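Structure assessment
These are the residues of each chain, in order.
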Amino acid sequence: SLYLFGVVVLAYLFGSIPTAVWFGQAFYGVDVREYGSGNAGATNTFRVLGKKAGIIVMLVDIFKGWTATNLPYLLDSGIVGTSDSIHFVNFQLALGVIAVLGHLFPIFAGFRGGKGVATLFGMVIAIQPLAALCCVTIFLLCLLISHYVSLSSISAGFTFPISLALIIKTTVPSLMLYAIAICVLILITHQKNIERLLKGKESKIYLFKKSSK
Ligand code: NKO
């Protein structure tokens with residue numbers, strides 16, 4: 001229906017908001033994609049423009065995923081089923097992934113976006129907060145130990161299906177399938193990072209010390 005089409009387009013447009021690019025251009029006159037890893041994400045914003053900018057970009061990118069995933073609630077429609085039906089969760093998952101695709105291929109920034117980690121995190125918060133808590137815990141532990149954001153993102157990605165299976169014990173097969181697909185998506189978007197990690201050439205991020213700016 002027209003409603004479904006509209007919500008899908010809206011989710012893509014939300015995900016497409018190129019936070020890192022616009023924030024850098026607006027307040028620093030810099031396109032972060034020309035520096036560091038070349039990625040339009042929170043980590044590269046942190047790397048290029050400093051801690052404050054990185055945190056703001058991260059929060060907005062998380063919010064994009066959360067908002068897109070909750071569009072059916074925000075638009076207050078019962079068209080796709082009641083809030084606890086499996087259909088509804090499937091619709092939310094699809095919207096979240098569409099927002100992530102918007103983040104990866106943003107219509108507002110020449111289709112060169114980020115890796116979708118923060119936006120995926122917003123989606124997981126919206127759909128399964130306990131799994132999100134597991135993911136962020138592993139992410140932070142990995143970051144504090146290794147100082148590699150990419151490795152932490154990949155570890156958090158694996159944590160999503162694992163926590164669904166072992167802790168949440170989900171009975172929704174589509175949720176599990178999406179979780180595994182998301183895991184694969186994170187591996188795909190981090191191919192260059194994985195190559196650098198294996199060569200020992202990945203750049204490190206220090207949250208509390210040695211922050212560049
Ligand atoms: O520039 O290639 P780079 O080194 O920047 O960047 C690699 C990085 C790209 O991702 C980002 C976003 C970082 C946001 C981190 C905040 C999220 C905290 C919780 C993470 C949980 C992830 C859950 C994944 C859902 C399955 O990787």
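Residues numbered from 1 in each chain as written. Predicted model: local features only at pLDDT ≥ 70, side-chain atom pairs only at ≥ 80, totals over all residues. Heavy atoms only, no water.

1. Digging into the packing of helix α7 (residues 117-127) against helix α8 (residues 129-146)
Heads up, the condition is: Axis definition: a line fitted to C-alpha atoms, limited for helices to the stretch in contact. Angles are taken between N-to-C directions and run from 0 to 180 degrees. Here a helix means four or more residues in a row that DSSP labels H or I, a strand means two or more in a row labelled E, and each is numbered from the N terminus. Should an angle fall under 35 degrees it is taken as roughly parallel, and over 145 as roughly antiparallel, whereas 65 to 115 is taken as roughly perpendicular and any remaining angle as oblique. Between two residues, a contact is recorded if the distance between any of their heavy atoms is within 4.5 Å. Residue polarity follows a fixed list, in which Ala, Val, Leu, Ile, Met, Phe, Trp, Tyr, Cys and Pro are nonpolar, Asp, Glu, Lys and Arg are charged, and the others, Gly among them, are polar.
In the contact formed by α7 and α8, the axes pass within 6 Å of each other and the chain directions differ by 140°. Judged by the angle between their axes, α7 and α8 are oblique. Seen from α7, the contacting residues are Phe-121, Val-124, Ile-125 and Ile-127; seen from α8, they are Pro-129, Ala-131, Ala-132 and Val-136. Of the residues in the contact of α7 with α8, the class split is eight nonpolar, no polar and no charged.

2. Section: the site of the ligand
Our working definition: A cutoff of 4 Å decides nearness: a residue is near a molecule or strand if any of its heavy atoms lies inside that distance of it. As used in this structure description, the phrase polar contact means that two N or O atoms lie within 3.5 Å; if the pair is within protein, one of them must be able to donate a hydrogen and the other to accept it, and residues adjacent in sequence are counted only when both atoms belong to side chains. Only the protein chains shown count as cover for residues, with accessible areas throughout obtained via the Shrake-Rupley method and a probe of 1.4 Å.
Within the structure, the ligand sits among 23 residues, and Ser-37, Thr-43, Arg-47, Lys-115 and His-190 are positioned closest to it. Note that an oxygen atom of the ligand is positioned 3.5 Å from one of the backbone N or O atoms of Ala-42. In the model, an oxygen atom of the ligand is placed 2.7 Å from a nitrogen or oxygen of the Thr-43 side chain. Relative to its unbound accessible area of 720 Å², the ligand is 97% covered by the protein chains. If you list the elements that add at least two residues to the shell around the ligand, you get α3 (42-49), α7, α8 and α9 (149-168).

3. Some details on unusual backbone geometry
Threshold: Relative accessibility under 20% of the residue-type maximum defines a buried residue, over 50% an exposed one, and the middle range a partly exposed one, all with a 1.4 Å probe and only protein chains included.
Backbone geometry places Phe-111, a non-glycine residue, at a positive phi of 60°. The residue Lys-169 is not glycine, and still its phi comes out positive at about 50°. Among the structural elements, Lys-169 can be located in the loop between α9 and α10 (173-189). Residue Lys-169 is classed as exposed on the basis of its relative accessible area of 59%.

4. Quick notes on the packing of aromatic side chains
We count it as follows: Here the aromatic set is Phe, Tyr and Trp, taking the six-membered ring for Trp, and pairing holds for ring centres within 6.5 Å; pairs whose planes are under 30 degrees apart are stacked, those over 60 apart are edge-to-face, and all others are tilted.
Per the stated rule, a full pass over the model turns up five aromatic pairs. Aromatic side chains Trp-22 and Phe-108 sit 5.8 Å apart centroid to centroid with 35° between the ring planes, which places their arrangement in the tilted category. Linking Trp-22 in helix α2 (residues 19-28) with Phe-108 in the loop between α6 (86-104) and α7, this pair joins segments that are 86 residues apart in sequence. Take Trp-22: its relative accessible area is 41%, and that puts it in the partly exposed class. When its relative accessible area of 39% is taken as the criterion, Phe-108 is described as partly exposed. With a centroid separation of 6.2 Å and 45° between ring planes, the pair formed by Phe-23 and Tyr-28 is classed as tilted. Taken together, the ring pairs connect Phe-23, Phe-27 and Tyr-28 into an aromatic cluster.

5. Things to note about α3
Where burial is concerned, most of α3 is hidden: six out of the eight residues are buried. Looking at α3, one finds that the buried residues are Ala-42, Asn-44, Thr-45, Phe-46, Val-48 and Leu-49. Of the residues one or two after α3, Gly-50 is the one with positive phi, at around 110°.

6. Description of the nonpolar core
How we decide: The nonpolar core is taken to be a set of buried Ala, Val, Leu, Ile, Met, Phe, Trp, Tyr and Cys residues, with the residues joined through side-chain atoms within 4.5 Å.
One finds Leu-120, Met-123, Phe-160, Leu-164, Leu-175 and Ile-182 to be the most contacted residues of the largest nonpolar core, which totals 25 residues. At the level of elements, α6, α7, α8, α9 and α10 are the ones that each hand at least two residues to this core. When near neighbours in sequence (up to four residues on either side) are disregarded, Leu-164 contacts Gln-128, Ala-131, Lys-169, Thr-170, Leu-175, Met-176 and Ala-179. Counting eleven residues, the second-largest nonpolar core is a separate cluster that includes Val-21, Val-30, Val-32 and Ala-53.

7. Some words on the side chain of Ser-163
Here Ser-163 shows up in helix α9. Residue Ser-163 is classed as buried on the basis of its relative accessible area of 2%. Within the structure, the side chain of Ser-163 is placed 3.0 Å from the backbone oxygen of Phe-160, a separation counted as a polar contact.

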